[in-house]
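So the chains spell out like this:
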Amino acid sequence: MQNELSVSQAIHARKSIRKYTGEPISNETIRQLVDLAGLAPSPWNIQPWRIIAVKTEDDKQKLMQAAYGQPQVGASAVTFVIYTDMTEAIDNVENTVHPGMKDREAEVAKQIRDHFANYSEADFHWWGRAQGYSFMSFLLLAAQSHGFATSAMLGFDPEQVKALYNLPAHAQIPAIVAVGVPAEEGFPHFRHNFDALAKIV
Ligand SMILES: Cc1cc2nc3c(=O)[nH]c(=O)nc-3n(C[C@H](O)[C@H](O)[C@H](O)COP(=O)(O)O)c2cc1C
């Protein structure tokens with residue numbers, strides 16, 4: 001992958017980009033981006049996110065249709081479908097208990113399962129979805145720092161996307177993210193100033 005930008009440089013440089021040069025992306029680079037984004041933190045290290053990297057023309061066209069024709073999907077080198085599967089994550093929670101806590105694995109796994117036993121079905125899956133946005137944010141910055149541009153999207157029909165990849169009915173899709181070499185500047189940042197969003201107490 002290209003030279004890395006610092007985190008601050010990547011944050012400043014990142015804008016939603018919806019046009020790409022058409023330059024392809026290697027599977028190795030896809031793996032590196034997913035590995036980087038997967039370093040995002042999650043409560044109890046549960047990591048409920050799962051990723052489908054959609055790269056072939058045919059598959060991108062199908063995903064673009066499910067994304068209401070948004071052209072950045074078809075134009076991307078790869079579009080990542082980020083979904084969360086809390087049922088799978090909690091069924092296998094032993095796999096994500098840190099090795100440093102191996103001696104307490106059963107206790108920690110029980111603690112986590114007991115915690116979620118009080119959740120409604122909807123809250124349980126929504127909790128996992130919320131974690132997916134940490135992965136998404138890390139992915140946007142990881143891609144930016146290595147010379148790619150991105151477009152995060154919520155404009156898609158989740159049922160159609162689930163059908164494309166045989167995802168379980170309970171899966172949540174916090175976002176899809178198009179990635180490619182940029183072919184436009186994007187809009188300048190336009191954000192709240194500090195006083196509109198924060199106070200120091
Ligand atoms: C979760 C999420 C979903 C979004 N969905 C769409 C979308 O479906 N289509 C689109 O063109 N832009 C989408 N955007 C882009 C936002 O409109 C954009 O991030 C915002 O206007 C700020 O602009 P910037 O990303 O260039 O800084 C989405 C952004 C996020 C974070």
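Above: the structure in question.
Residues numbered from 1 in each chain as written. Predicted model: local features only at pLDDT ≥ 70, side-chain atom pairs only at ≥ 80, totals over all residues. Heavy atoms only, no water.

Draft legend 1. Geometry of the overall build of the protein. Within the protein, the secondary structure is distributed over nine helices and four strands. Order of helices (α) and strands (β) in the protein, N terminus to C terminus: α-α-β-α-α-β-α-α-α-β-α-β-α. Taking 201 residues into account, the globule formula puts the C-alpha radius of gyration at 17 Å, and the protein, at 18 Å, falls close to it. Reported as C-alpha extents along the three principal axes, the dimensions of the protein are approximately 50 × 45 × 35 Å. Here the protein holds 201 residues, and 41% of them are scored as buried. Split by element, the accessible area of the protein, about 11,300 Å² in all, is 54% carbon and sulfur. If you average the places of the 17 positive and of the 22 negative side-chain charges in the protein, the two averages end up 5 Å apart. (Helix = DSSP H or I, 4+ residues; strand = E, 2+ residues; numbered from the N terminus. Rg over C-alpha atoms; globule rule 2.2 N^0.38 Å. Buried < 20%, exposed > 50% of the residue type's maximum accessible area, 1.4 Å probe, protein only. Areas by Shrake-Rupley, 256 points an atom, 1.4 Å probe, with all protein chains shown as cover. Lys, Arg positive; Asp, Glu negative; His and termini not counted. Charge placed at Lys NZ, Arg CZ, Asp CG, Glu CD.)

Draft legend 2. Here's a closer look at unusual backbone geometry. For tryptophan 44, which is not glycine, the phi dihedral falls at a positive 55°. Along the polypeptide, tryptophan 44 turns up in the loop between α2 (27-37) and β1 (49-54). Here tryptophan 44 falls in the partly exposed class, since its relative accessible area comes to 33%. Here asparagine 45, not a glycine, exhibits a phi torsion of approximately 65°, which is positive. Locating asparagine 45 in the fold gives a position in the loop between α2 and β1. Judged by relative accessible area, asparagine 45 falls into the partly exposed class, the value being 33%.

Draft legend 3. Local environment of the site of the ligand. Taken together, the neighbourhood of the ligand is formed by 13 residues, with Ser16, Arg18, Gln70, Leu154 and Arg191 sitting nearest. Between an oxygen atom of the ligand and a side-chain N or O atom of arginine 18, the distance comes to 2.8 Å. The backbone of glycine 155 places a nitrogen or oxygen atom 2.9 Å from an oxygen atom of the ligand. Contact with the protein chains removes 65% of the 620 Å² of surface that the ligand exposes when unbound. A per-class count over the shell around the ligand returns four nonpolar, five polar and four charged. (Near = heavy atom within 4 Å. Polar contact = N/O pair within 3.5 Å; in protein donor to acceptor, adjacent residues only side chain to side chain. Nonpolar A, V, L, I, M, F, W, Y, C, P; charged D, E, K, R; others polar.)

Draft legend 4. Spotlight on the pairing of strand β3 (residues 149-153). Along β3, four of the five residues are buried, which leaves the element largely enclosed by surrounding structure. With five bridges connecting them, β3 and strand β4 (residues 172-180) associate as antiparallel partners. Following the sheet pairing, alanine 152 is matched in β4 by valine 177. (Pairing = 2+ DSSP bridges.)

Draft legend 5. Inspection of the pattern of salt bridges at higher detail. Tallying each qualifying case throughout the model produces eight salt bridges. The residue aspartate 58 makes a salt bridge to lysine 62 at a minimum N-O spacing of 3.2 Å. Of this pair, aspartate 58 and lysine 62 both sit in helix α3 (residues 57-66), four residues apart, roughly one helical turn. We classify aspartate 58 as partly exposed; its relative accessible area is 48%. You can call lysine 62 partly exposed: its relative accessible area is 40%. (Salt bridge = Lys/Arg side-chain N within 4 Å of Asp/Glu carboxyl O.)

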